[in-house]
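# Residue-level structural notes
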Amino acid sequence: MNAIHKMMLSAAATGALLGVASTGWAVPDRAEVIQRAASVVKVQAFDHRNQTFFGTGVVVAPHRVATSCHVTRHSAQIVVIYRGESFQVMGQAADIDHDTCVLDVPALNTPALALTRSHTLRVGQAVWAMGFEGGAGLQFRTGIVRALHKHDGAWVIESTTAFTSGSSGGALMDDSGHLIGLLTYRLRGDRRSYFSVPTEWLSNASTTRESLPQVQPVTQGLAFWQRGPEELPYFMRAHRLVIDSDWRTLLVLSDAWLLSDANNTEAWWYRGASLEMLTEARGAASAYRQALALDPGFIPALFSLGRLVAQLGDSDEALRIITMLSAIDIELGTCLSHRITPTAESPPTETSNEACSAM
């Protein structure tokens, strides 16, 4: 048993004594799923040519359903379908930039999901998703948070909860069953990451006002994720470059990102990732440390730096980082330990394997 593996066992024991939370991969029981499903509806929208768009909606307040605007924005008529019955949508409040629409459905009487904010999440946390995939039956999936992307005062949530067309506007819930986001989009060529917009972008006015604007096509503007390549948020451009393995362009992009926001931890992490892939290990380590100086609990930088310093032969710092990561999430700590020493005696658990697959 090597020194790193011994330290990992010690860190795991400490985490257990302190009650450190793991990723919590336990699937909710049938009763919990049925209870949450009562707040998720199918959305059917018709444009002026009678073309039909399918999506999903979540009840967020009495008679109010939140969904993705890219499902409903071109429509003059919208209905929601709940347990086989259709309910007419009488009004719509649209935030096209954030791709969040709230629908007024006066005849719909079903309980709302409790909402919580994206800042309560952490990387590695278990999440649940519900949506009408393909416009057919309601599907339930579990996964974890892969990353949190700061944008417009909240966090766009990147998770492993796969979804397909028809699920847009569906529910992303934390492991307590609270709504934290709406299932929104994924990038072509990437089957590991699925993105949800945060509940913070649901306007209080649109969920509490007595009436909403009449349903009609909304033709102006694009959602933040639908814009041209140079108009996308930095985190989306960076993600695409990682998919394409274009590390030199990623380095240039991260430097431009840092010129606009020198205290952005994600930008520092992407700079480190690009330098690491360009075999500039010392510069990469420096960038990861800068990210951690800004946010000591920034899991992607902890994970990357721990792996990198172990490769550079600094076992003391690697052990320290494993301990820090384990104090945040024991499964991710186990994952890092086995990334560093894949032949360690104690095999990773099923949950740490899931965590590793997401990092």
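Just above sits the structure.
Keep in mind the model is a prediction, meaning the values are calculated, not measured.

### As for the pairing of strand β2 (residues 52-61)
Of all 10 residues in β2, seven are buried; the element is thus mostly enclosed. Summarising the sheet, strand β1 (residues 40-46) and β2 pair through seven bridges and their orientation is antiparallel. By the bridge assignment, V40 is partnered in β2 with V58. Between the end of β1 and the start of β2, which pair antiparallel, lie five residues, with N50 showing a positive phi angle near 65°. Across three bridges, β2 lies against strand β3 (residues 64-67) in antiparallel orientation. Counterpart to A61 in the pairing with β3 is R64.

### Let's talk about unusual backbone geometry
Even without a glycine there, the phi angle at N50 is positive, about 65°. Looking at the element boundaries, N50 is found in the loop between β1 and β2. Residue H63 is not a glycine yet carries a positive backbone phi of 65°. Along the chain, H63 turns up in the loop between β2 and β3. A residue is classified by how much of its surface remains accessible, and H63, at 28% relative accessible area, is partly exposed.

### Brief notes about the sheet that holds strand β5 (residues 85-88)
Here seven strands make up an open sheet; going across it, the order is β5-β4-β1-β2-β3-β7-β6 and the pairing antiparallel. Across the chains shown, the open sheet's two edge strands, defined by having one partner strand only, are β5 and β6 (91-95). Averaged over all neighbouring strand pairs, the angle between strand axes comes to 30°, with direction disregarded.

### What to know about the pattern of salt bridges
Evaluation of the coordinates by the stated rule reveals 12 salt bridges. Residues D97 and R227 are paired through a salt bridge, measuring 2.2 Å at the closest nitrogen-oxygen approach. Residue D97 is located in the loop between β6 and β7 (100-104), and its partner R227 is located in the loop between α4 (204-208) and α5 (234-243); the two are separated by 130 residues in the primary sequence. Owing to a relative accessible area of 27%, D97 belongs among the partly exposed residues under this scheme. Since its relative accessible area comes to 31%, R227 is described here as partly exposed. Across the pair R141 and E133 runs a salt bridge, and its minimum N-O distance is 2.6 Å.

### Overview of the state of the cysteines
Tallying each qualifying case throughout the model produces one disulfide. C69 shares a disulfide with C101; S-S distance 2.0 Å. Between C69 and C101 the sulfur-sulfur dihedral comes to about 105°; the bridge is accordingly right-handed. Taken as a pair, C69 in helix α3 (residues 69-72) and C101 in strand β7 lie far apart in primary sequence, 32 residues in all. Relative accessible area serves as the criterion here: at 0%, C101 is assigned to the buried category.

### Considerations on the environment of L183
Following the sequence through the fold, L183 ends up in strand β12 (residues 179-185). According to the relative accessible area criterion, L183 is buried, its value standing at 1%. Residues L183 and M130 lie 53 residues apart in sequence; the distance between their C-alpha atoms is 8.6 Å. Once you skip the residues sitting within four places of it in the chain, L183 turns out to touch S68, A129, M130, F163, S167, S168, G169, G170, A171, L172, F195 and S196.

### Regarding the pairing of strand β11 (residues 171-174)
On β11, burial covers both faces: A171 and M173 on one face and L172 and D174 on the other are all buried. The pairing of strand β8 (residues 126-132) with β11 spans four bridges and is antiparallel. Residue pairing for β11: M130 is matched across the bridge by A171. In terms of strand pairing, β11 meets β12 through three bridges, oriented antiparallel. Residue A171 lies in a different strand from β12, and its bridge partner there is L182. Between β11 and β12, which pair antiparallel one after the other, the connecting turn spans four residues, and G177 there sits at a positive phi close to 85°.

### Some words on the sheet that holds β12
In space, the six strands of this closed barrel follow the order β8-β9-β10-β13-β12-β11, with antiparallel pairing throughout. Shown here is a sheet whose adjacent strand axes are inclined to one another by a mean of 40°, direction ignored. Across six bridges, strand β9 (residues 138-151) lies against strand β10 (residues 154-159) in antiparallel orientation. Its bridge partner being in β10, K150 is matched across the sheet by W155. Strands in contact with helix α2 (residues 30-37) are β8, β9 and β11; relative to β8, the strand with the most contacts, it is inclined by about 50°.

Basis of the calculations
Residues numbered from 1 in each chain as written. Predicted model: local features only at pLDDT ≥ 70, side-chain atom pairs only at ≥ 80, totals over all residues. Heavy atoms only, no water. Buried < 20%, exposed > 50% of the residue type's maximum accessible area, 1.4 Å probe, protein only. Helix = DSSP H or I, 4+ residues; strand = E, 2+ residues; numbered from the N terminus. Pairing = 2+ DSSP bridges. Axes fitted to C-alpha atoms, helices over the stretch in contact; angles between N-to-C directions. Salt bridge = Lys/Arg side-chain N within 4 Å of Asp/Glu carboxyl O. Disulfide = S-S within 2.5 Å. Contact = heavy atoms within 4.5 Å.

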